[in-house]
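The lines below spell out each chain.
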Amino acid sequence: MPKHFLSLMHYCLALIFLFITNQTGAQSSDYQAEDGQNQQIVLPVRQICAGKPWPQIVWIHVHDDEQTARQVAIQTLDNLEQGCLVDLPHGGQREISIKNINVSYHFDPNRIFTISGRKKALKCQQGDCNLAMDQLTQAVQQLLNRYLHQAKLIVAIHNNHANGLSVLHYRPTATKANDVRQIAINPDQNPHDFFFVTTQQAFDFLSQRGFNVVWQDNEKVQDDGSLSVWSAQHKIDYINIEAGVGHTSVQTTMLAAVLNYMHTYYLH
Ligand SMILES: [Zn+2]
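Attention here is on the structure that accompanies the text. (Residues numbered from 1 in each chain as written. Predicted model: local features only at pLDDT ≥ 70, side-chain atom pairs only at ≥ 80, totals over all residues. Heavy atoms only, no water.)

Concerning the overall build of the chain
Defined as follows: Put simply, DSSP marks the helices as runs of H or I at least four residues long and the strands as runs of E at least two long, and each gets a number from the N terminus on. Here the term buried applies to any residue with accessible area under 20% of the maximum for its type, exposed to any over 50%, and partly exposed to those in between, with areas from a 1.4 Å probe on protein chains only. Throughout, a residue-residue contact means that at least one pair of heavy atoms, one from each residue, lies within 4.5 Å. Computed by Shrake-Rupley with a 1.4 Å probe, the accessible areas treat only the displayed protein chains as cover when residues are assessed.
A tally of helices and strands in the chain yields seven helices and 12 strands. Here the chain holds 268 residues, and the buried ones make up 47% of them. Once local pairs closer than 6 in sequence are excluded, the contacts in the chain between residues at least 24 apart make up 69%. Accessible surface, the chain: about 13500 Å² in total, of which carbon and sulfur atoms supply 52%.

Some thoughts on the environment of asparagine 79
Tracing the backbone shows asparagine 79 in helix α2 (residues 67–80). The class for asparagine 79 is exposed, based on a relative accessible area of 58%.

Some points on unusual backbone geometry
As a rule of thumb, non-glycine residues mostly have phi less than zero, and peptide bonds are mostly trans rather than cis. For glutamate 81, which is not glycine, the phi torsion reads 55° and is therefore positive. Residue position: glutamate 81 is located in the loop between α2 and β4 (84–87). According to the relative accessible area criterion, glutamate 81 is exposed, its value standing at 58%. A positive phi angle, near 55°, is found at lysine 235, a position not held by glycine. Note on placement: lysine 235 falls in the loop between α6 (227–233) and β12 (237–244).

Comments concerning helix α4 (residues 129–148)
As a reminder, the rule being used: Between the first and last residue of a helix there are one fewer steps than residues, each counted as 1.5 Å, and that sum is the expected span. Two N or O atoms form a polar contact when they lie within 3.5 Å of each other; inside protein one atom must be a possible hydrogen donor and the other a possible acceptor, and for residues adjacent in sequence the pair counts only when both atoms belong to side chains.
Counted at 1.5 Å a residue, the expected span for α4 with its 20 residues is 28 Å, and the 27 Å between its end C-alpha atoms agrees. Of the residues making up α4, those classed as buried are Leu131, Ala132, Gln135, Leu136, Ala139, Val140, Leu143, Leu144, Tyr147 and Leu148. The opening residue of α4 is aspartate 128, an N-cap whose side-chain oxygen sits 3.3 Å from the backbone nitrogen of asparagine 130.

Quick word on the packing of helix α5 (residues 200–207) against helix α7 (residues 248–265)
Put simply, the rule reads: In this description, a line fitted to the C-alpha atoms serves as the axis of each element, helices being fitted only across the stretch in contact, and the angle between N-to-C directions of two axes falls anywhere from 0 to 180 degrees. Angle categories are assigned with fixed cut-offs, so that under 35 degrees is roughly parallel, over 145 is roughly antiparallel, 65 to 115 is roughly perpendicular, and the rest are oblique. Two helices crossing with the near one rotated counterclockwise from the far one by less than a right angle form a left-handed crossing, whereas a clockwise rotation gives a right-handed crossing. Here the term charged refers only to Asp, Glu, Lys and Arg, the term nonpolar to Ala, Val, Leu, Ile, Met, Phe, Trp, Tyr, Cys and Pro, and the term polar to all other amino acids, Gly among them.
Running from N to C, α5 and α7 point in directions that differ by 130°, and their axes come no closer than 11 Å. By the angle class used here, α5 and α7 are oblique. You can see that α5 and α7 cross each other, and the crossing is right-handed. Facing Gln201, Ala202, Phe205 and Leu206 of α5, the residues of α7 in contact are Ala257, Asn260, Tyr261, Thr264 and Tyr265. Per-class residue counts for the contact of α5 with α7 are six nonpolar, three polar and no charged.

What about the coordination of the zinc ion?
Quick reminder of the rule: Counted as donors are N, O and S atoms no farther than 2.8 Å from the metal, or 3.2 Å for Na, K and Ca; water is not among the atoms, and sites may therefore look incomplete. Only two sets of limits are used to name each site, 85 to 135 degrees for every angle of a tetrahedral four-donor site, and over 155 degrees for opposite donors with all other angles from 65 to 115 for a square planar four-donor or octahedral six-donor site, with any other site named irregular.
Here the zinc ion is held by His63 (ND1), Glu66 (OE), Glu66 (OE) and His158 (ND1), and the distances to it run 2.0 to 2.4 Å. Classification of the site at the zinc ion as irregular follows from its four donor atoms and the range of 56 to 148° in their angles at the metal. Site description for the zinc ion: donor spacing in sequence, H-x2-E-x91-H.

Describing the environment of serine 231
With respect to the helices and strands, serine 231 occurs in helix α6. Taking the relative accessible area as the measure of exposure, serine 231 reaches 0% and is therefore buried. Note: C-alpha distance between serine 231 and phenylalanine 113 (118 residues apart in sequence) is 9.2 Å.

What to know about the sheet that holds strand β6 (residues 103–107)
Spelled out, the test is: Two strands qualify as a pair provided that DSSP identifies no fewer than 2 bridges between them.
Taken in spatial order, the three strands line up as β5-β6-β7 in an open sheet, and their pairing is antiparallel. Strand pairing shows two members of the sheet lacking a second neighbour, β5 (96–99) and β7 (123–127), which therefore form its edges. Adjacent strand axes in the sheet meet at a mean angle of 5° when their direction is disregarded. In this structure, β6 lies alongside β7, joined through four bridges in antiparallel fashion. Within the sheet, the bridge partner assigned to tyrosine 105 lies in β7 and is cysteine 124.

Right under this line is the structure:
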């Protein structure tokens with residue numbers, strides 16, 4: 001093999017190595033809440049970090065089937081080389097299913113943050129259902145204590161489907177109107193791409209920039225156990241970035257607006 005060809009090959013290998021190293025910037029560290037009986041994980045939590053975490057700001061992704069949201073968050077962190085995402089990987093489904101010798105049950109991981117929400121969300125199929133509730137409560141407490149109780153701002157990232165949730169469900173005559181304090185709809189935006197927030201500060205900041213925004217009525221909202229309800233109960237500024245599945249560039253733009261918000265109110 002000619003010598004210059006070999007050095008070209010070395011050069012290409014070096015480039016590929018650099019590319020791979022760059023692509024895997026975000027590191028994850030796993031943390032698992034176990035049920036204490038047979039080591040099955042009730043809430044499989046990992047933290048993916050691209051650098052130093054932000055003080056008192058948590059980004060979180062809970063629905064494992066919402067891949068666009070996870071990719072947008074991780075790509076953004078990689079570009080920033082800073083910050084962390086709390087992620088719940090659980091087999092690519094929306095719900096988490098637990099099956100062991102004592103009990104089998106399943107639940108939506110965004111309906112478990114309050115006690116009354118958990119009672120409704122836990123679907124126990126067979127076995128010791130009291131044990132299931134104890135296991136789930138313990139796992140939620142660990143997640144809250146470790147990542148969320150200290151937060152001043154929580155940024156959740158979600159996707160919805162073409163026939164699923166949109167900002168239109170929160171209009172004054174629509175099904176979720178009772179949960180709404182104020183709403184801003186921009187007809188130029190896709191109704192599936194919207195923010196759901198718990199403070200006037202976030203509502204004003206994001207609606208002034210032309211986004212669809214729903215401000216939750218923190219007194220009247222139905223306690224469905226979701227993180228927005230828990231955040232309101234604990235007076236935590238909460239922003240959910242909802243975008244249609246596959247709306248990568250829109251969701252990236254929405255996350256950039258939240259970064260701007262972070263710098264305006266939390267990181268100066
Ligand atoms: Zn979701």
